[in-house]
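Architecture at a glance
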Amino acid sequence: MATDYRTIVRDGLWDNNGVLAQLLGMCPTMAMTTSATNGFGMGVATAVVMAASNLLVATFRGYITQEVRIPVYILIVAAMVTLVDLTMNAWMHELYKVLGLFIPLIVSNCLPLGRLEVFAAKEPVLPSLMDGLFMGIGFTLALTAIGAVREIIGSGTLFADASLLLGPAFKFLEMKVSPLDSGVLVMILPPGGFLAAGFMVVGKRLLDLRAGKAIATGPAGHCV
Amino acid sequence: MTTQPTWLHAAVLGAFCTGFGAILALTDVLTADAIAARALEDKQNSLAQVIPPGLHDNNPVTDAITLTGEHGKPLTVYRATKGGKVTGVAYEILGSGYAGEIRLMLGVDAEGRVLGVRATQHKETPGLGDKIDPAKGDWITRFSGLSLDLPPKDKWKVKKDGGQFDQFSGATITPRGVVGAVREGLAFFASHRPQMVEVR
């Protein structure tokens, strides 16, 4: 089967976006989008794990039998997460201090597992790698966007502490949007996560409707 | 689809578990030393923030004693010495915040004055309670130079409780927990001073 990489990219970034269309990975989405920087960090860590686990499952898919595929997928995702966690702690310690608390949360994310089942289990290695990567980037974009909305309304800043995550060169990203010292607190608290994510999902569907596209509905999330 | 025998599934799952288990064990062995070194550096860095480097000619991380802290738990006290005399100590104090425990490192000089306080671990609300983090505000630096008598004991509270310490907008519980923890930490120093500054 000829692989259409453009579709893979489009699906990952927009059409079938992990958060905005498939509504998967809601647990880290709610927990880590209190600021744009946090959302971005969580997204990047997830994208790495997704690309690696998609690659592995696509490589070994001939050997994984139907009946035990789910335990094997979970094993692979968990192993990748632990691997990333240990390696970053040892050799990228500054980054780890900022990202470290996000990484174990990736195991609770259903999006990597979903892509293994839906894509990597059926497709060749390279398309699977691309799918994991672009689904991960789409996830990152969605989390950064939700984080930005919550941060602007909730704290009155945008990309606060970006220089802690990305290095001093990114200090310019840090913005103070509102002159007030604090914003609408509820947006930082858990309800704000549901509000922001809900409006973004609606927004995406409205844009799709206007563009005359059929609304893509992902598989119902049986886990979040 | 032909049915595969059960043993095959068991073998597949077992093989993957063994394989990834081995990879993880290998990674753990390869990274263990580096991770331990990083943890030591972190501890050194957090100690350096609460004990000025000019105050000691030893390494406080390795020059530590263990005392019985509050509630009978062992408490590691890091000691800064200069010319054989103890010039300051640092130890961990706990405050109760809005979202669970706040762990802080408290540095005290030999006279019982605060050298510095730093939050080492907390889960306070981002944008509100996390202003105790020195990266996000200088609130935590206001303790330097204070002691159990300065301000007087009944002023060792946040303003809302009649004391002299500012709370920050939208968050009272976090500063209240930190102020209380520092006050208790100083009281602990006062009652254990002989053991802490004794030279061995």
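A brief report on the enclosed structure follows. (Residues numbered from 1 in each chain as written. Chains lettered and ligands numbered in written order. Predicted model: local features only at pLDDT ≥ 70, side-chain atom pairs only at ≥ 80, totals over all residues.)

1. Describing the overall build of chain A
The following threshold applies: Numbering of helices and strands runs from the N terminus, with a helix taken as a DSSP run of H or I at least four residues long and a strand as a DSSP run of E at least two residues long. Each radius of gyration is computed over the set of C-alpha atoms, and the globule rule expresses the reference value as 2.2 Å times the number of residues to the power 0.38. Exposed residues have 12 or fewer other C-beta atoms within 10 Å of their own C-beta, buried residues have 20 or more, and residues in between are partly exposed; the C-beta atoms are placed from the backbone. Residue pairs qualify as contacts under a 7 Å threshold applied to their C-beta atoms, which are placed from the backbone.
Secondary structure summary: chain A contains 9 helices and 2 strands in total. Reading the secondary structure of chain A in the N-to-C direction produces α-α-α-α-α-α-α-β-α-β-α. Relative to its length of 224 residues, chain A is compact, with a C-alpha radius of gyration of 18 Å against a globular reference of 17 Å. Along the first, second and third principal axes, the C-alpha set of chain A runs to 60 × 50 × 30 Å. Evaluated residue by residue, chain A yields a buried proportion of 48% over its 224 residues. For chain A, restricting intrachain contacts to residue pairs at least 6 apart in sequence, the fraction spanning at least 24 positions comes to 77%.

2. Remarks on the packing of helix α3 (residues 36-60) of chain A against helix α6 (residues 110-120) of chain A
Helix packing for two helices is described by the angle between their axes and how far apart those axes are. All names here are of chain A. The cut-off we apply is this: Axis definition: a line fit to C-alpha positions, over the contact stretch in the case of helices; interaxial angles, taken between N-to-C directions, run 0 to 180 degrees. Handedness of each helix crossing follows the sense of rotation of the near helix against the far helix: counterclockwise by less than a right angle gives left-handed, clockwise gives right-handed. In the scheme used here, Gly and all other residues not listed as nonpolar or charged are polar, with Ala, Val, Leu, Ile, Met, Phe, Trp, Tyr, Cys and Pro taken as nonpolar and Asp, Glu, Lys and Arg as charged.
Following both chains from N to C, one finds α3 and α6 inclined at 35°, their axes separated by 10 Å at the closest point. Where α3 crosses over α6, the handedness of that crossing is right-handed. Residues Val-49, Met-50, Ser-53, Asn-54, Val-57 and Ala-58 of α3 pack against Pro-112, Arg-115, Leu-116, Phe-119 and Ala-120 of α6. When its residues are assigned to classes, the contact of α3 with α6 shows 8 nonpolar, 2 polar and 1 charged.

3. Quick look at helix α1 (residues 5-15) of chain A
Operational definition: This arc describes the spread of directions from the helix axis toward the C-beta atoms.
What α1(A) keeps buried is the set Ile8(A), Asp11(A) and Gly12(A). Down the axis of α1(A), the buried side of the element spans an arc of 90°, and every buried residue falls inside it.

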